Amino acid sequence: MAVPGEPAPEEGVEATTARRPGWRRWLPLAVLFVLSVSAYLYLRSQGIGFDSLAQHRAWMMAQVEEHGIFAGLALFAIYVVVTALSLPLGSVLTVFAGFLFGTVEATLWVVAGATLGSIAVFLAARGVLREVLEARAGPWLQRMERGFREDALSYLLVLRLLPIFPFWLVNLVPALLGVPFGTYVLATALGIIPGTVIFASLGNGLGAVLDRGETPDFSILLDPALLLPLLGLCLLALLPVIFKRWRRRHAS
């Protein structure tokens, strides 16, 4: 017989079961993690980098010229996998893409591949990680979620535009905060375009750098001529948030 004021045993078991994500819900994230670590260790052992590009430059360009759109689809598939596994190869791969395909075509393939890979991470993390964090964070998470979701598009655009935030982290945060799927996809696709154009443009001029036996100088990314436009885009993305806060304060 149940004691007054205490949940029935059946109800307690059901509630506990509902709060605990089953191992099947952890499976997608576990698979992504194992594949990510394995791929990273393999690529590290192979020494993938600009030396490899210089060594196989003629062959790679011949493949792109011979296979056309299928070479682009191969780049797309590779970028989906790299993004989904959160491998730290996005910048180098985008430079490679700009070198092989040119700025415009490389940007299209990279944005499409990175967006789809990010969606895979978002969907894998949205259920199980959110439940775990919600069980531990309590009201704090709810308050943060309300503030973030209210202007999710603006905040996500800023996180995508600024290259100071790890790409994998920006994939996970919206999943934890319950950002709508459509908002996440739109902010991801739009937000990564400027950075992709910059890296693909660097790759587009990589031929002359390799001819001199040099490696790309990524310090150019700190040039104010590049950073200021990105900061301007961030400010533009935040204008709706700023205006909304001003209107509330003015009304009160």
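Calculation rules
- Chains are numbered independently. Their residues run from 1 in the order of the written sequence.
- Totals for whole chains, interfaces and linings use every residue, but because this is a predicted model, local features are given only for residues with pLDDT of at least 70 and side-chain atom pairs only at 80 or more, for both listing and counting.
- To get the side-chain values, take all heavy atoms of the structure and skip hydrogens and water.
- Each helix corresponds to a stretch of at least 4 residues labelled H or I by DSSP, and each strand to a stretch of at least 2 residues labelled E; elements are numbered beginning at the N terminus.
- Any residue under 20% of the maximum accessible area for its type is buried, any over 50% is exposed, and the rest in between are partly exposed; the area is computed with a 1.4 Å probe on protein chains only.
- The contact definition used throughout considers only heavy atoms, calling two residues in contact when any of these lie within 4.5 Å.
- The accessible surface values rely on the Shrake-Rupley method and a 1.4 Å probe; as for residues, cover is taken only from the protein chains in view.
- In this scheme Phe, Tyr and Trp rings, the latter by its six-membered ring, pair at centre separations within 6.5 Å, and the angle between planes marks the pair as stacked below 30 degrees, edge-to-face above 60, and tilted otherwise.
- Definition used in this section: a nonpolar core is a set of buried Ala, Val, Leu, Ile, Met, Phe, Trp, Tyr and Cys residues joined via side-chain atoms within 4.5 Å.

1. Structural notes on the overall build of the chain
Summing up its helical and strand segments, the chain has 15 helices and zero strands in all. Here the chain holds 252 residues, and the buried ones make up 36% of them. Intrachain contacts of the chain at a sequence separation of at least 6 include 81% that bridge at least 24 residues. In the structure as shown, the chain presents an accessible area of about 15100 Å², 68% of it carried by carbon and sulfur atoms.

2. A closer look at the packing of aromatic side chains
In this structure the tally under the stated criterion is three aromatic pairs. Between Phe122 and Tyr184, the aromatic rings sit 4.2 Å apart at their centres with planes inclined by 20°, giving stacked as the arrangement. Taken together, the residues span a long stretch of sequence, with Phe122 in helix H7 (residues 103-126) and Tyr184 in helix H12 (residues 181-191) at a distance of 62 residues. Both residues of the pair, Phe122 and Tyr184, count as buried.

3. Quick look at the environment of Glu145
Of note, Glu145 is situated in helix H9 (residues 139-150). On the basis of relative accessibility, which here comes to 12%, the residue Glu145 falls in the buried class. On a C-alpha basis, the gap between Glu145 and Leu177 in space is 5.1 Å, while along the polypeptide they are 32 residues apart.

4. A short note on the nonpolar core
One finds Leu75 and Phe101 to be the most contacted residues of the largest nonpolar core, which totals 22 residues. Every element with two or more residues in this core is listed here: helix H5 (69-84), helix H6 (90-101), H7 and helix H13 (193-204). Per-element accounting of this core gives the leading share, six residues, to H6. Discounting chain neighbours no more than four positions away, the residues touching Leu75 are Leu93, Ala97, Phe101 and Trp109. If you look at the next biggest cluster of nonpolar residues, it comprises 19 residues, including Leu156, Leu162, Leu177 and Tyr184.

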